[in-house]
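So the chains spell out like this:
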Amino acid sequence: MLSRGQLLRNSVRQYSIVTKECPGNLSILKVKVHGGSRYATKDGVSHLLSRFNFQNTNTKSALRLVRESELLGGCTKSYVDREFITLEARFLKEDLPYYVNALSNVLYKTSFKPHELPESVIPAAKYDLAVAGSNPCNQAEDVLYNISFRDGLGKPLLYDSVERVSIEDIKAFSDKVYTKDNIIIEGVGINEADLKKFVTESLFNSLPQGSNLSSSAKSETFTGKEARLRRVGESVAAIGVPVAKKDFALYDTVAAYLNSELFPLTDLLCEAKFTQYPDTGFLTVKVKSGDSAVVAENIKKVVKELKKSHDVSKAIDLAKLHQSPSSAVDKLEGVKDFKLDDKFNYVAVGDVSNLPFRDQL
């Protein structure tokens, strides 16, 4: 397992570079663009733009990009969440110059050929939607975001064809988000000075100035809400807690605590996760089973336990271990007691006739 290493921060010509040095010969390079679904100009445009990454560029075909990476023993991918479009590469340390150039080439020179949208991009996006829709935990999380936030974080994460998105819409959105001020370049197992040097010499420096969209991000949050989604298959009950930025350290530690054996009911959880955004955070806790009666019993047990006071300070080291290099939380010391109050939202998915209502938790 990679050790946490030393966290280094600085900036190079507007874009932010964050590195964490680790032992071993494996490196991970991420370019995180503030262009996730919360910033979408049309529903789904962020997802489609992400799927355009590593398609043909003005200098290389998609096939050549894949083959070159395979010959080096590396791999690349692009994915979207609510905050970021992320381009990621995993490779041997000595191949850093190639991958810096490859990722900068994708951001600066993707050709957006019209035929790629219906032939490659939309089919891939529909596949992503089908995979996500087959998982009731994903559906529960989407509904939790929808009832907890309005415009922005409450927008759909994936392209669902409800709103038409054209190739011109995608190109215009890429011009808006693929700018120097709007990206974070994150390296794990990479020397800071080397990354800084290669980035400075790459096409990252040819990106336009633009603006950092996260600086103006604001979320209107709601609590005490409930939603129920009937579907065939496994049942899920989930709670979501919007978190103010001042409480990030506490909830980072709470998530680590819930995922460890320190929490007495950790075996009942299918997921406990805290996600940070520039302006807010969101804790989600889910239970899942093919038997709705088990889900009903377990979510009641979990919520009852969370409403007791817990000393989560023992999970501080675990929280530090799992933080990303660009985490907004620097100091976890001083975090201690957590107790769930009534300011949470609740979603039931599956056999909802046999799942409890929020006021029964």
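Every chain begins its residue count from 1, and numbering advances along the sequence as written. Where local features are concerned, this predicted model is filtered to residues with pLDDT of at least 70; where side-chain atom pairs are given and counted, the filter is 80 or more; whole-chain, interface and lining totals use all residues. Side-chain descriptors were evaluated using all non-hydrogen atoms of the structure, hydrogens and water having been removed beforehand.

The protein chain goes by Cytochrome b-c1 complex subunit 2, mitochondrial in an unreviewed UniProt entry, where it is assigned to Nakaseomyces bracarensis. UniProt positions are given in the numbering used here, feature names are shortened, and annotations may be inferred rather than shown by experiment. In the Subcellular location (unreviewed entry) part of its UniProt record, the protein chain is described as follows: "Mitochondrion inner membrane".

Each patch is built from residues that are more than 30% exposed by relative accessible area and take part in no salt bridge. Like charges join if they lie within 9 Å; nonpolar side chains (Val, Leu, Ile, Met, Phe, Trp, Tyr) join within 5 Å. Shrake-Rupley sampling with a 1.4 Å probe provides the accessible areas, and residues are treated as covered by the protein chains on show and by no other component. Whenever a carboxyl oxygen of Asp or Glu lies within 4 Å of a side-chain nitrogen of Lys or Arg, that contact is scored as a salt bridge. A grouping of Leu262, Leu318 and Leu321 is seen on the molecular surface, where their side chains present a nonpolar patch of about 210 Å² in accessible area. With respect to the helices and strands, the residue Leu321 is situated in helix α10 (residues 316-322). For each residue, the accessible area found with a 1.4 Å probe, counting protein chains only, is set against the maximum for its type, and the residue is called buried under 20%, exposed over 50%, and partly exposed in between. On the accessibility criterion, Leu321 (34% relative accessible area) is partly exposed. By the criteria applied, helices consist of DSSP H or I runs no shorter than four residues and strands consist of E runs no shorter than two, each listed in order from the N terminus.

Another point: the UniProt feature "domain: Peptidase M16 N-terminal" (unreviewed entry) in the protein chain. Within this numbering scheme, the UniProt entry marks residues 21-160 as carrying the feature "domain: Peptidase M16 N-terminal" (unreviewed entry). Counted over residues 21-160, helix gives 45% and strand 16%. Its end C-alpha atoms are 39 Å apart.

A word on the pairing of strand β5 (residues 85-92). When you tally the buried positions in β5, you get six out of eight residues, the bulk of the element. Pairing between strand β3 (residues 26-33) and β5: eight bridges, direction antiparallel. Following the sheet pairing, Leu29 is matched in β5 by Ala89. The pairing criterion is simple: DSSP has to find at least two bridges between the two strands. Connecting the antiparallel pair strand β4 (residues 75-80) and β5 is a turn made up of four residues.

Under the UniProt annotation, the feature "domain: Peptidase M16 C-terminal" (unreviewed entry) is placed at residues 165-309. Counted over residues 165-309, helix gives 32% and strand 24%. Its end C-alpha atoms are 48 Å apart.

Backbone-to-backbone hydrogen bonds pair the strands of a sheet. The strands run either parallel or antiparallel. Read across the open sheet, the five strands follow the order β7-β13-β8-β10-β9; overall the sheet is mixed. With partners counted over all chains shown, the strands left at the sheet margins are β7 (226-230) and β9 (271-276), one partner each. Direction aside, neighbouring strands of the sheet carry axes that sit 15° apart on average. Sheet topology places strand β8 (residues 235-243) next to strand β10 (residues 281-289); nine bridges connect them, and they run antiparallel. What sits directly across from Gly240, in β10, is Thr284. Across the sheet, helix α9 (residues 292-306) lies against β8, β10 and β13 (345-350), angled at about 140° from β10, the strand it touches most. Angles shown run from 0 to 180 degrees and are taken between the N-to-C directions of axes, each axis being a line fitted to C-alpha atoms and, for helices, limited to the stretch in contact. Any pair of residues with heavy atoms lying within 4.5 Å of one another is described as a contacting pair.

What follows is about the packing of aromatic side chains. Between 30 and 60 degrees the pair is tilted, below 30 it is stacked and above 60 it is edge-to-face, where a pair is any two Phe, Tyr or Trp rings, Trp via its six-membered ring, whose centres lie within 6.5 Å. The final tally for this structure, using the stated rule, is eleven aromatic pairs. Their ring planes at 90° and their centres at 4.9 Å tell us that Tyr98 and Tyr99 sit as a pair that is edge-to-face. In terms of burial, Tyr98 and Tyr99 fall into one category: buried. Three or more aromatic residues joined by ring pairs form one cluster here, namely Tyr145, Phe149, Tyr277 and Phe282. Working rule: Lys NZ or Arg CZ, within 6 Å of ring centre, within 35 degrees of ring normal, means a charge sits over the ring. Over the ring of Phe357 we find Arg228; its NZ or CZ atom is 3.8 Å from the centre of that ring.

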